[in-house]
Amino acid sequence: MRTVRAPATSANLGSGYDSFGVALSRPADIVSVERADRTTIEVTGAGAQFIPEDPAKNTVGAVARALDAPAHIKIDKGVRPASGLGSSAASAAGAALALNDLYDRGLTREELVPIAAEGEAVVSGAAHADNVAPALLGGFTIATADGVRSIETNVPLVACLPEEPISTRDAREVVPTHVTIEELVATVGNAATLAVGMCRSDPALVGAGMADEVVTPHRAALITGYDDAADAAREAGAHGVTVSGSGPGVLAVCPPDRRRDVAAAMVEAFAENGERARAYRTWTGGGAEFV
Ligand SMILES: Nc1ncnc2c1ncn2[C@@H]1O[C@H](COP(=O)(O)OP(=O)(O)O)[C@@H](O)[C@H]1O
Ligand SMILES: N[C@@H](CCOP(=O)(O)O)C(=O)O
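None of these values were measured; they are calculated from a predicted model.

Colleague: I would appreciate a short explanation of the domain arrangement of the protein chain in the present structure.
Modeller: Size of an interface, as often reported, equals the accessible area lost when the parts are brought together. Each domain of the protein chain was delimited in the assignment, giving domain 1 (2–151 + 286–290) and domain 2 (156–283). Averaged C-alpha coordinates put domain 1 and domain 2 at centres separated by 22 Å. The interface is formed by 30 residues belonging to domain 1 together with 39 residues belonging to domain 2. Surface buried jointly by domain 1 and domain 2 totals about 2500 Å² across both partners, of which 57% is contributed by carbon and sulfur atoms. Inspection of the domain 1/domain 2 interface yields 1 salt bridge. Its salt-bridge partner being R172, residue D18 comes within 2.7 Å of it at the nearest N-O pair. Counting every contact that joins domain 1 to domain 2 gives 18 residue pairs in polar contact (both at pLDDT 80 or more). At 7 residues, the largest contribution of residues to the side of domain 1 that touches domain 2 is made by strand β2 (residues 20–35). By residue class, the composition of the side of domain 1 that touches domain 2 is 16 nonpolar, 11 polar and 3 charged.

Printed below as a string of structure tokens:
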């Protein structure tokens, strides 16, 4: 048997749609695998009742197929599904690392990224790597057509999760298909600023780089109470706020000693909009690890 702890992740980070992502120090999935003649899946934990155990519909089933590694796979969900924290990706990354070792496939973590992304394609229709990359490599990652780069970083964060689920597949339908040159220039500037902030572990710079007028407004419109929660987070000391992944999660970057106030302010703002929410005070973190 092999058992792996695979972290939640927050993708896009505003200006880095389908490219940027960070691993979070918490929450996480625990994925255990044992050799078997055919793949079977058992899911427990957060939102397990909404997660298919059919290998054809679960991200880990796609990973087992891609690695030709049939196994009995147990997933203890710590990352709530359809929350914007890379729930589907955490399981996929954990299964990729565990099965690669169990069957001695000898692939590097970088080589496992596209395999884990095949799991994402099962769920959202797109093999986007911006969640599985940080889930496997840790830190801040930049996924491009020619591969993934990862940068160690240490940035304090608050992730606030309203209960209202939003599926990535649905949220990808609202993303614009064209941008203007002015939008391109602004996005490149913000993305570069964010990347430098991650390299320097500078939360203020990361917050400034989260600004985005291309994708985020369309995603925010799907989240009841987003504007009030974002305003409340900034008033409580956040440097920047954006939609986490495809939502409904909201990610704030802030000074470490302001996280409690920022978390409380966002939860209260959602409550005032009739939405129950929970918040995690967290940090950028490492990738999946054997336990
Ligand atoms: N191992 C898994 N963990 C979580 N969700 C999974 C898994 N396998 C398939 N799914 C499906 O993916 C959906 C969650 O994925 P997604 O919409 O991308 O949310 P998130 O933003 O949390 O990743 C769930 O509705 C669930 O049906
Ligand atoms: N780039 C993707 C990221 C989805 O993240 P998730 O945490 O919501 O699965 C997208 O925005 O569609």
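Picking up after the structure, the text goes on.
Colleague: Can you help me understand a nonpolar patch on the surface in this one?
Modeller: There is a patch of nonpolar side chains on the surface, built from V179, I181, L184, V185 and V188 and spanning about 460 Å² of accessible area. In this fold, I181 is placed in helix α6 (residues 181–200).

Colleague: What is the right way to read the layout of surface pockets from this model?
Modeller: To find the voids left in a structure, one rolls a probe of water-molecule size over its atoms. A volume near 740 Å³ is recorded for the largest pocket. Looking at the largest pocket, it is lined by 40 residues, and the ones nearest its centre are P81, A82, S87, S88 and V123. When contributions to the lining of the largest pocket are tallied by element, the ones reaching two or more residues are β4 (71–77), α2 (87–102), α3 (109–124) and α5 (168–171). For the lining of the largest pocket, the per-class residue count stands at 11 nonpolar, 19 polar and 10 charged. Per-domain counts for the lining of the largest pocket show at least three residues from each of domain 1 (2–151 + 286–290) and domain 2 (156–283).

Colleague: Looking at this model, I keep getting lost on the site of ligand 2. Mind explaining?
Modeller: Taken together, 15 residues are adjacent to ligand 2, and D18, D130, R172, R219 and S246 come closest. Here an oxygen atom of ligand 2 and a side-chain polar atom of N12 are 2.8 Å apart. The contact in question runs from an oxygen atom of ligand 2 to an N or O atom on the side chain of T168, over 3.1 Å. Here ligand 2 loses 98% of its free accessible area of 350 Å² to cover by the protein chains. Structurally, ligand 2 is housed in the largest pocket. Of the residues that constitute the shell around ligand 2, the class distribution is 3 nonpolar, 8 polar and 4 charged. Counting contributing residues per domain, the shell around ligand 2 is built from domain 1 (2–151 + 286–290) and domain 2 (156–283), each supplying no fewer than three.

Colleague: I keep staring at helix α10 (residues 259–272) and nothing clicks. Help me out?
Modeller: An α-helix turns once every 3.6 residues. As a result, residues three or four positions apart point the same way. With 14 residues, α10 should reach 20 Å at 1.5 Å per residue; the first-to-last C-alpha distance of 20 Å fits that figure. Taken together, the buried positions of α10 are occupied by R259, V262, A263, A265, M266, A269 and F270. Projection of α10 onto a plane perpendicular to its axis shows the buried side chains occupying an angular sector of 165 degrees, all on one side. More than 90 degrees from the buried face of α10, the exposed residues found are R260 and E272. Looking at the buried positions of α10, the neighbouring elements they touch are β7 (156–162), α9 (226–235), β9 (250–253) and β10 (277–283). Of the residues trailing α10, G274 is marked for its positive phi of about 80 degrees.

Colleague: Help me understand the sheet that holds β10 in this model?
Modeller: Adjacent strands of a sheet form backbone hydrogen bonds with each other and so pair up, either parallel or antiparallel. A sheet is described by the order of its strands in space; here 4 strands give the open sequence β8-β9-β7-β10, paired in antiparallel fashion. A single partner strand is all that each edge strand has here, and the edge strands are β8 (240–243) and β10. Pairwise comparison of adjacent strand axes, ignoring direction, gives a mean angle of 20 degrees for this sheet. Direction of pairing for β7 relative to β9: antiparallel, over a ladder of 4 bridges. Within β9, the residue paired with L157 across the bridge is V253.

Colleague: How should I be thinking about the site of ligand 1 in this particular structure?
Modeller: Close to ligand 1 lie 20 residues, the nearest being K77, A82, S87, S91 and T168. In the model, an oxygen atom of ligand 1 is placed 3.2 Å from a nitrogen or oxygen of the F50 main chain. A distance of 3.2 Å is found between an oxygen atom of ligand 1 and a backbone nitrogen or oxygen belonging to S83. Burial of ligand 1 by the surrounding chains reaches 89%, relative to a free accessible area of 560 Å². Here ligand 1 is seated within the largest pocket. Mapped onto the shell around ligand 1, the elements with two or more residues apiece are β4 and α2. The greatest single-element share of the shell around ligand 1, amounting to 3 residues, is contributed by α2.

Reading the values: rules and limits
- Residues numbered from 1 in each chain as written.
- Chains lettered and ligands numbered in written order.
- Predicted model: local features only at pLDDT ≥ 70, side-chain atom pairs only at ≥ 80, totals over all residues.
- Heavy atoms only, no water.
- Domains from an automatic or database assignment.
- Contact = heavy atoms within 4.5 Å.
- Buried area = accessible area lost by both parts, 1.4 Å probe.
- Salt bridge = Lys/Arg side-chain N within 4 Å of Asp/Glu carboxyl O.
- Polar contact = N/O pair within 3.5 Å; in protein donor to acceptor, adjacent residues only side chain to side chain.
- Helix = DSSP H or I, 4+ residues; strand = E, 2+ residues; numbered from the N terminus.
- Nonpolar A, V, L, I, M, F, W, Y, C, P; charged D, E, K, R; others polar.
- Patch = residues over 30% accessible without salt bridge, like charges linked within 9 Å, V, L, I, M, F, W, Y side chains within 5 Å.
- Areas by Shrake-Rupley, 256 points an atom, 1.4 Å probe, with all protein chains shown as cover.
- 1 Å grid on protein atoms, 1.4 Å probe; cavity = no way out; pocket = protein on both sides within 12 Å on 5 of 7 lines; lining within 4 Å.
- Points joined across faces, edges and corners; volume = space filled by probe spheres on them.
- Near = heavy atom within 4 Å.
- Sits in = over half its atoms within 2 Å of the grid points.
- Expected span 1.5 Å × (residues − 1).
- Buried < 20%, exposed > 50% of the residue type's maximum accessible area, 1.4 Å probe, protein only.
- Arc of directions from axis to C-beta.
- Pairing = 2+ DSSP bridges.
- Axes fitted to C-alpha atoms, helices over the stretch in contact; angles between N-to-C directions.

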